[in-house]
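Observations on chain architecture
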Amino acid sequence: DQQVKQNSPSLSVQEGRISILNCDYTNSMFDYFLWYKKYPAEGPTFLISISSIKDKNEDGRFTVFLNKSAKHLSLHIVPSQPGDSAVYFCAGFDDKIIFGKGTRLHILP
Amino acid sequence: NAGVMQNPRHLVRRRGQEARLRCSPMKGHSHVYWYRQLPEEGLKFMVYLQKENIIDESGMPKERFSAEFPKEGPSILRIQQVVRGDSAAYFCASSPVRGSSSYEQYFGPGTRLTVT
């Protein structure tokens, strides 16, 4: 039973444009939603979070939007940079972190 | 300020052998989590430990897997009689607190276990 779903395995975006990564969830008990970024041969690094009582959180180039009625969240990266090429994991937190399968983002020059 | 350290980074074991994976949390962190990532999958929670206590092992396979976090020294994830399906990347994470802020976990680089 996948509680967190990332339906796009990969995404390619031109440098300077907006990257939008999407995520759906089924567990209504999540207190927080998280985005982690992972480079090959490294552990995930925390990127940004959003409380379940908020609908938007912004940190520099990164903004996360939460639509609770649709059980959907998205991560916007603008402008996209070459160093943003990585795998992005969406996750929910309800006493433990539940990760999606990830979306591989390619930033094209 | 060193981050979460894991060793070894790569471990090769033959079927039936034992694998021991070590994790040293960040300085000042007393909460340790272990995750497993199978190929093409996301990370899956295995176990949550504090010093000398297993808090939540709901993600641990019922047999062959065990974890500890002793008073002194690193946390150990032990896999007995490994099988090919145990081949995966095993990540350790640590956090300084428990409760709602424990979603802020800091991950180590992982140990890649290959069972031949």
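Notes on the structure follow. Just so it is clear, the model here is predicted, and its values are computed rather than measured.

Let's shift gears to the packing of aromatic side chains. Enumeration according to the criterion identifies 15 aromatic pairs over all chains in this entry. Here Tyr35(B) and Phe45(B) contribute two aromatic rings whose centre-to-centre distance is 6.1 Å and whose plane-to-plane angle is 75 degrees, an arrangement assigned as edge-to-face. On the criterion of sequence distance, the pair formed by Tyr35(B) in strand β4 (residues 31–37) and Phe45(B) in strand β5 (residues 43–50) is long-range, its members being ten residues apart. Taken together, the aromatic side chains of Tyr32(A), Tyr36(A), Phe46(A), Phe89(A), Phe93(A), Phe99(A), Tyr35(B), Phe45(B), Tyr103(B) and Phe107(B) make up a single cluster linked through ring pairs.

Following Val78(A), the chain continues into Pro79(A) via a peptide bond in cis, with omega recorded as -10 degrees. In this structure, Pro79(A) sits in the loop between β8 (72–77) and β9 (86–93). Going from Asn7(B) to Pro8(B), the amide bond is cis rather than trans, its omega being -5 degrees. For Glu40(B), which is not glycine, the phi torsion reads 65 degrees and is therefore positive. Following the sequence through the fold, Glu40(B) ends up in the loop between β4 and β5. Residue Glu52(B) is not a glycine yet carries a positive backbone phi of 65 degrees.

Rules used throughout
- Residues numbered from 1 in each chain as written.
- Chains lettered and ligands numbered in written order.
- Predicted model: local features only at pLDDT ≥ 70, side-chain atom pairs only at ≥ 80, totals over all residues.
- Heavy atoms only, no water.
- Phe/Tyr/Trp six-rings, centres within 6.5 Å; stacked < 30°, edge-to-face > 60°.
- Helix = DSSP H or I, 4+ residues; strand = E, 2+ residues; numbered from the N terminus.

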